[in-house]
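# Working through the structure, step by step
Residue strings, one per chain:
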Amino acid sequence: SCSTTKELLSQGGGEFEPVNEHGDAARQAELTALGIPRVPATIVEGRFVHGWNPGALAELVGVAFDDTPALTPRELSETLDNILYFAQHLAKRLAAAQLELKHPHRDRTLRDLAYHVFRLSAAFIDAMEQGRLEQKWLGELAPADVQSGAALAAYGGRVRQRLAAWFARAPEDVFSRSTNTYYGEQRTHLLLERTTWHAGQHLRQIYDLLLTDGSLPVAPLAGELFEGLPMPAELW
């Protein structure tokens with residue numbers, strides 16, 4: 001999150017300037033020149049850390065940082081399933097008009113945002129099975145057969161079943177190993193934590209869109225759902 005980035009940079013004696021590259025051709029060209037395929041990225045004097053990787057960021061600015069997740073892999077798997085449960089049951093209630101909602105500063109419909117919550121979670125299993133987390137998986141839009149709220153909920157149910165089956169058979173030592181990702185090597189435990197808070201952040205955004213629209217069909221999310229996760233300070 002921006003707050004953690006700012007904190008680490010301040011410890012290293014630097015200052016943090018957040019930049020939104022969306023619609024900024026000069027900033028986008030800078031990212032391309034450095035070989036950064038997509039945000040988030042932190043750039044310090046031509047050196048950079050791509051993706052949310054606080055351990056690498058701390059190394060970049062020369063400060064000590066303990067990136068051990070607060071939650072165990074089992075706790076993370078349960079939290080991720082709870083997040084997907086809320087996303088799945090919320091999706092069931094979405095009307096066709098609601099699926100076209102967009103945040104004023106984001107070019108992504110609620111349909112694609114809901115799909116993304118499930119797809120990024122499935123991407124964790126894809127990475128475990130294929131040996132690498134691919135960037136393109138996180139950029140996929142809802143396919144032609146996943147356009148309604150009911151279809152989104154059904155897809156979410158399949159993702160939850162797949163995750164449950166994988167966690168049930170996963171060896172304990174897999175979480176201490178490294179996984180190859182599009183932003184570098186990362187411990188599997190950290191990748192699971194990242195997947196969990198990533199899904200949680202987008203679930204928060206879905207609720208925010210519906211609250212802003214005045215069409216939230218269920219009670220607001222309880223903050224306890226994200227307890228122990230390094231959730232971003234900002235919602236969007």
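Let us look at the structure shown here. Predicted model, so just to flag it, every value in this text is computed and none were measured.

### A short note on the side chain of Q98
By the secondary structure assignment, Q98 is in the loop between α4 (73-92) and α5 (110-130). If we skip the residues at most four places from it in the chain, Q98 touches R93, L110, L210 and S215.

### Some details on the packing of aromatic side chains
Going through the model one piece at a time under the given rule, you end up with nine aromatic pairs. An angle of 80° between the planes, with centres 5.6 Å apart, marks the rings of Y85 and F86 as edge-to-face. F86 gets classed as partly exposed once you look at its relative accessible area, which sits at 33%. Where F124 meets W166, the ring centres are 5.5 Å apart and the plane angle is 90°; that geometry is what we call edge-to-face.

### Things to note about the nonpolar core
In terms of nonpolar packing, the biggest core is built from 55 residues, with L110, F124, L133, W166, I206 and L229 touching the most fellow members. Of all the secondary structure elements, the ones that give two or more residues to this core are α4, α5, α6 (149-169) and α7 (188-213). Broken down by element, this core gets its largest block of residues, 13 residues, from α5. Here F124 is in contact with W166, F167, T188, L191, L192 and T195, once residues within four sequence places are set aside.

### Some remarks on the pattern of salt bridges
Within the structure shown, the criterion is met by ten salt bridges. A salt bridge links R162 to D126; the nearest nitrogen and oxygen atoms lie 2.6 Å apart. Separated by 36 residues along the polypeptide, R162 in helix α6 and D126 in helix α5 bring together distant segments of the chain. A residue is classified by how much of its surface remains accessible, and D126, at 9% relative accessible area, is buried. E129 is paired through a salt bridge with R169; the nearest N and O atoms lie 3.9 Å apart. In this pair, E129 is assigned in helix α5 and R169 in helix α6, connecting sequence segments 40 residues apart. Residues participating in the shared-partner salt-bridge network are R119, D126, E129, E140, R162 and R169.

### A look at the packing of α5 against α6
Interhelical geometry of α5 versus α6 gives an angle of 25° and a closest axis separation of 10 Å. When the axes of α5 and α6 are compared, the pair comes out roughly parallel. For the element pair α5 and α6, the recorded crossing hand is left-handed. In contact with R111, A114, Y115, F118, R119, S121, A122, F124, I125, D126, M128 and E129 of α5, α6 contributes L152, Y155, G156, V159, R162, L163, W166, F167 and R169. Residues belonging to the contact of α5 with α6 are distributed by class as follows: 13 nonpolar, two polar and six charged.

### Some remarks on the pairing of strand β4 (residues 178-181)
With burial as the criterion, only one face of β4 is covered, namely that bearing T179 and T181; the residues S178 and N180 on the opposite face remain uncovered. Bridge analysis of strand β3 (residues 132-133) against β4 gives two bridges, and the strand direction is parallel. From the neighbouring strand, R132 faces β4, where its bridge partner is N180. Note that β4 and strand β5 (residues 184-187) share four bridges and pair antiparallel. When the sheet's bridge partners are listed, T181 is paired in β5 with G184. Here β4 folds back onto β5, and the loop between the two strands holds two residues.

### Brief notes about the sheet that holds β4
Within a beta sheet, neighbouring strands are joined by backbone hydrogen bonds and run either parallel or antiparallel to one another. Pairing within the open sheet is mixed, and its three strands lie in the order β3-β4-β5. Both edges of this open sheet fall to β3 and β5, since each of them pairs with a single strand only. In the packing of α7 onto the sheet, contacts are made with β3, β4 and β5, and the angle to β5 comes to roughly 90°.

### Looking at α4
Its 20 residues give α4 an end-to-end C-alpha distance of 29 Å, which sits within 8% of 28 Å, the value for a rise of 1.5 Å per residue. Among the residues of α4, those classed as buried are P73, L76, S77, T79, L80, I83, L84, A87, Q88, L90 and A91. Residues of α4 that are buried sit in contact with α5, α6 and α7.

### Side note on the side chain of S77
Note on placement: S77 falls in helix α4. Judged by relative accessible area, S77 falls into the buried class, the value being 14%. Engagement of the side chain of S77 in a polar contact is seen with the backbone oxygen of R74, the distance being 2.7 Å. Filtering out sequence-adjacent residues up to four positions away, S77 remains in contact with F167 and L192.

Analysis parameters
- Sequence order sets the numbering: in each chain, residues are counted from 1 along the sequence as written.
- Only residues with pLDDT of at least 70 are given local features in this predicted model, and only at 80 or more are side-chain atom pairs given and counted; all residues enter the totals for whole chains, interfaces and linings.
- Values shown for side chains rest on all heavy atoms present in the structure; no hydrogens or waters enter the calculation.
- Numbering of helices and strands starts at the N terminus; helices are DSSP runs of H or I of at least 4 residues and strands are runs of E of at least 2.
- Throughout, a residue-residue contact means that at least one pair of heavy atoms, one from each residue, lies within 4.5 Å.
- Two rings belonging to Phe, Tyr or Trp (six-membered ring only in the last case) form a pair when the distance between their centres is within 6.5 Å. Interplanar angles under 30 degrees mark stacking, angles over 60 mark edge-to-face geometry, and anything in between is tilted.
- Remark: exposure states derive from per-residue accessible area (1.4 Å probe, protein chains only) relative to the maximum for the residue type, with buried under 20%, exposed over 50%, and partly exposed in between.
- We define a nonpolar core as any set of buried Ala, Val, Leu, Ile, Met, Phe, Trp, Tyr and Cys residues linked to one another through side-chain atoms lying within 4.5 Å.
- By definition here, a salt bridge exists when the distance from a side-chain nitrogen of Lys or Arg to a carboxyl oxygen of Asp or Glu is within 4 Å.
- Angular values range over 0 to 180 degrees, each being the angle between N-to-C directions of two axes fitted as lines to C-alpha atoms, with helices fitted over their stretch in contact.
- We call two directions roughly parallel when the angle between them is under 35 degrees, roughly antiparallel when it is over 145, roughly perpendicular when it lies between 65 and 115, and oblique otherwise.
- Here a crossing is taken to be left-handed if its near helix is turned anticlockwise relative to the far helix by less than a right angle, and right-handed if that turn runs clockwise.
- In the scheme used here, Gly and all other residues not listed as nonpolar or charged are polar, with Ala, Val, Leu, Ile, Met, Phe, Trp, Tyr, Cys and Pro taken as nonpolar and Asp, Glu, Lys and Arg as charged.
- When DSSP locates at least two bridges between a pair of strands, those strands are taken to pair.
- The length a helix should cover is 1.5 Å for every residue beyond the first.
- Pairing of N or O atoms within 3.5 Å defines a polar contact, subject to two protein rules: one partner must be a possible hydrogen donor and the other a possible acceptor, and residues neighboring in sequence count only if both atoms are side-chain atoms.

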